[in-house]
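Summary of the model geometry
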Amino acid sequence: MFRFKFSSQLVKKCRPCSSLLILQRFGTLRFGKQGRHSSKFDRRVSPKLSAQKPEVKKLQLFARDKIRSIYSILKYSPWDSAYEQLEKFDVKWDSYTVTQVLKAHPPMQKAWLFFNWVSTKENFKHDQYTCTTMMDIFGEAKRLSSMMHVFDQMKEKKMKIDAVTYTSLMHWTSNSGDVDGAMKLWEEMRGKGLAPTIVSYTAYIKILLNHKRVKEASGVYKEMIESGISPNRYTYTVLMEYLASCGKTGEALQIFDQMQEIGEHPDKASCNSLIEICSGVGDILTITRILQYMEKNFLVLRYPVYCKALQALEGAAESVALLRQVNRHISESENIDACDQTPSEDVFGMENSLAWSILNKRNFTALDSLLADFKEKNVELEAMLISKIIEVNTSLQRQAGAMLAYEYSLKLGIDLERVAYLSLLGLSIRTNSFEKVVEIVGSMVDKGHSLSTQMSSLLIHRVGLSGDAACATKLFNLLPSQHKSSAEYTALMSAFFSSRNADLGVEVFERMKFNGVEIAEGTSRVLMDGLEKCGRIHELKGWRRESKPSSSPSMEISICNLLFSGNFSIDSG
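The paragraphs below set out a description of the structure included in this document.

What counts, and where the lines are drawn
Residues numbered from 1 in each chain as written. Predicted model: local features only at pLDDT ≥ 70, side-chain atom pairs only at ≥ 80, totals over all residues. Heavy atoms only, no water. Helix = DSSP H or I, 4+ residues; strand = E, 2+ residues; numbered from the N terminus. Buried < 20%, exposed > 50% of the residue type's maximum accessible area, 1.4 Å probe, protein only. Contact = heavy atoms within 4.5 Å. Salt bridge = Lys/Arg side-chain N within 4 Å of Asp/Glu carboxyl O. Polar contact = N/O pair within 3.5 Å; in protein donor to acceptor, adjacent residues only side chain to side chain. Arc of directions from axis to C-beta. Expected span 1.5 Å × (residues − 1). Axes fitted to C-alpha atoms, helices over the stretch in contact; angles between N-to-C directions. Parallel < 35°, antiparallel > 145°, perpendicular 65-115°, else oblique. Left-handed = near helix turned anticlockwise from the far one by under 90°. Phe/Tyr/Trp six-rings, centres within 6.5 Å; stacked < 30°, edge-to-face > 60°.

What about the overall build of the chain?
- In terms of helices and strands, the chain carries 33 helices and zero strands.
- Out of the 573 residues in the chain, the part that is buried amounts to 47%.
- Considering only contacts in the chain between residues 6 or more positions apart, those separated by 24 or more positions represent 66%.

This is the structure we're talking about:
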């Protein structure tokens, strides 16, 4: 049986020696990854130096603006364009700048390209800060092989590897389900003589408890105490969450009380986590005790946790007055009775109202966070709202925000409006994300949104001109048979000729004739110019007879001629 007992002697052992040591320890934890340390107890400076403070602040702001500009270049520009802009960018490439750019989380592929590109710059070398941040990006994307590749490079180049790096590796390895791999990394860190920090101990204990390695977690906790490191609120929260989830809410509440005695007051996240778990197991006493603490310390619950606590209290026929008193921001603005076991239309209305409000304020960071949370918890928003979010994001070239909303709609099965799909197509075409174009068109077809002849043929033609005949073929195959007119066939022919594959271009033309599709003047022009560009001039006479244009005045023929006759030329790139 796994127990964490906190006697008065242990509380005394855990009591920090001095407030200065706490400040030093937390300063190291917070800024150690960036190699920076700060203290509130700096030496007094002379008036002359104090007068220079506004100038220092201005320089810091300027550096922050540069980092923001570099991030924008990486996020919104294709790598070819970003490379040219970065080469001309006036900035001193050092560890701090590169680390801050990577911490802003640009797209993973471009972050990796940037990581390799900056290593070629004169007087720059990667260190444990830049490498650890790059590993965090790979770990979050579940690219563990890439993460370990960066770690192996650090070893080969004999870079300094500290406890922060190992803690990051353990966290992402454990998140992938490989707890044994995380334990091996812990042993490797200890074998190299690296002293774990409080963050390392807390992360490792959480990993072990999440995977039911209770005995090992107890040993690590005792080792931490014996080494002279006092638990902090995050360590205590990990222990309380485990005990509460095992039904030992009494022991969790004991830790909750003793935290306050030693000056480690539970924060909002700790209280929300505990009340959510206790609501699930129906422990009304613990919920009440935590609510009393929250009322005294002006803390509130997140709305989903509030609903769960309300259900637990009402289910036990207990008063909800304290819950409403603590969370007036919810109880006074909404009808409390709307929180049922299954979310009702009123709850969905509140979620939609919240999202609309954030969208109208153009707070896109908060909106992305809200959507990600709703996606994980399967909270469904209305189709019109998601469509509008996509439209606004695409109009501002926010590809990440638009794609997040699109992926949310896919997971929840939301049928977007046609204009939202078209906005996504336009954004994907502008960023040369042709695989995403194929995916979006597939979603449109599945949801019954038909593409016009002009739109489908333009998409196939544009993708084909880039030399990606494979994606152009996928687009063509997604279209229903009745929607494949001369314009679509001609666009696919153009794609194959653009990629210098004359055989497949001719094959498409033959299939077009076999299926009885009318041949337009634009079709004949694409065939003749394509054969000529591919060096098959000797075949022109024979195919000219085969490609006699139709005189039909149909809309499909007119569109095909408009797109492909006249000054048509094959891209020579």
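What follows picks up the thread again.
As for the pattern of salt bridges
- In total, this model carries 16 salt bridges according to the counting rule given.
- For E188, the salt bridge is made with K155, and the minimal N-O distance between the two is 3.0 Å. With a gap of 33 residues between them, E188 in helix α11 (residues 179-191) and K155 in helix α9 (residues 144-156) connect regions that are remote in the sequence.
- Taking the relative accessible area as the measure of exposure, K155 reaches 35% and is therefore partly exposed.
- A network of salt bridges, in which partner residues are shared, links K155, E188 and K192.

A closer look at the environment of G505
- Mapped onto the secondary structure, G505 falls in helix α30 (residues 502-514).
- For G505, a relative accessible area of 0% puts it in the buried group.
- Once residues lying within four places of it in the same chain are set aside, the contact partners of G505 are M493, F496 and F497.

Comments concerning the environment of S176
- Relative to the helices and strands, S176 resides in the loop between α10 (163-175) and α11.
- Among the residues examined, S176 registers a relative accessible area of 39% and is labelled partly exposed.
- Along the primary structure S176 and E140 are separated by 36 residues, whereas in three dimensions their C-alpha atoms are 9.8 Å apart.
- In this structure the side chain of S176 is engaged in a polar contact, spanning 2.6 Å, whose partner is the backbone oxygen of T173.

Notes on helix α28 (residues 469-478)
- Those residues of α28 lying buried are A469, C471, A472, L475 and F476. For α28, the angular spread of buried residues about the axis comes to 160 degrees, placing them on one side.
- Considering only its buried residues, α28 is in contact with α26 (434-446), α27 (453-465), α29 (486-498) and α30.

Quick word on α30
- Its 13 residues place the ends of α30 18 Å apart at the C-alpha level, agreeing with the 18 Å of an ideal helix rising 1.5 Å per residue.
- Within the span of α30, buried status applies to A502, G505, V506, V508, F509 and M512. Looking straight down α30, one finds its buried side chains confined to an arc of 155 degrees; they lie on one side. In α30, the exposed positions that point more than 90 degrees away from the buried face belong to D503 and F514.
- Just beyond α30, the residue with positive phi is G516, at close to 75 degrees.

With respect to unusual backbone geometry
- A positive phi angle, close to 65 degrees, is found at K142, a residue other than glycine.
- Tracing the sequence through the fold places K142 in the loop between α8 (128-140) and α9.
- With a relative accessible area of 62%, K142 lands in the exposed category.
- For R362, which is not glycine, the phi torsion reads 60 degrees and is therefore positive.
- Tracing the backbone through its elements, the reader meets R362 in the loop between α21 (345-360) and α22 (364-377).
- On the accessibility criterion, R362 (45% relative accessible area) is partly exposed.

Re the packing of α9 against α10
- The N-to-C vectors of α9 and α10 enclose an angle of 160 degrees; their axes lie 11 Å apart at closest approach. Taken together, the axes of α9 and α10 lie roughly antiparallel to each other. As for how α9 packs across α10, the hand of that crossing is left-handed. Along the contact surface, α9 presents L144, M147, M148, F151 and M154, while α10 presents T165, Y166, L169, W172 and T173.

Brief notes about the side chain of T167
- Mapped onto the fold, T167 is located in helix α10.
- A polar atom in the side chain of T167 sits 2.7 Å from the side chain of S200.
- Each residue touching T167, except ones within four places of it in the same chain, is listed here: V199, S200 and A203.

Some details on the packing of aromatic side chains
- For the structure shown, the criterion picks out 11 aromatic pairs.
- Each ring, one from F476 and one from Y489, has its centre 5.0 Å from the other, and the planes form 65 degrees; the classification is edge-to-face. Here F476, found in helix α28, pairs with Y489, found in helix α29; they are 13 residues apart in sequence, far enough to count as distant.
- Residue class for Y489 comes out buried when judged on its relative accessible area of 5%.
- Here the aromatic residues W93, F114 and W117 are joined through ring pairs into a cluster of three or more.

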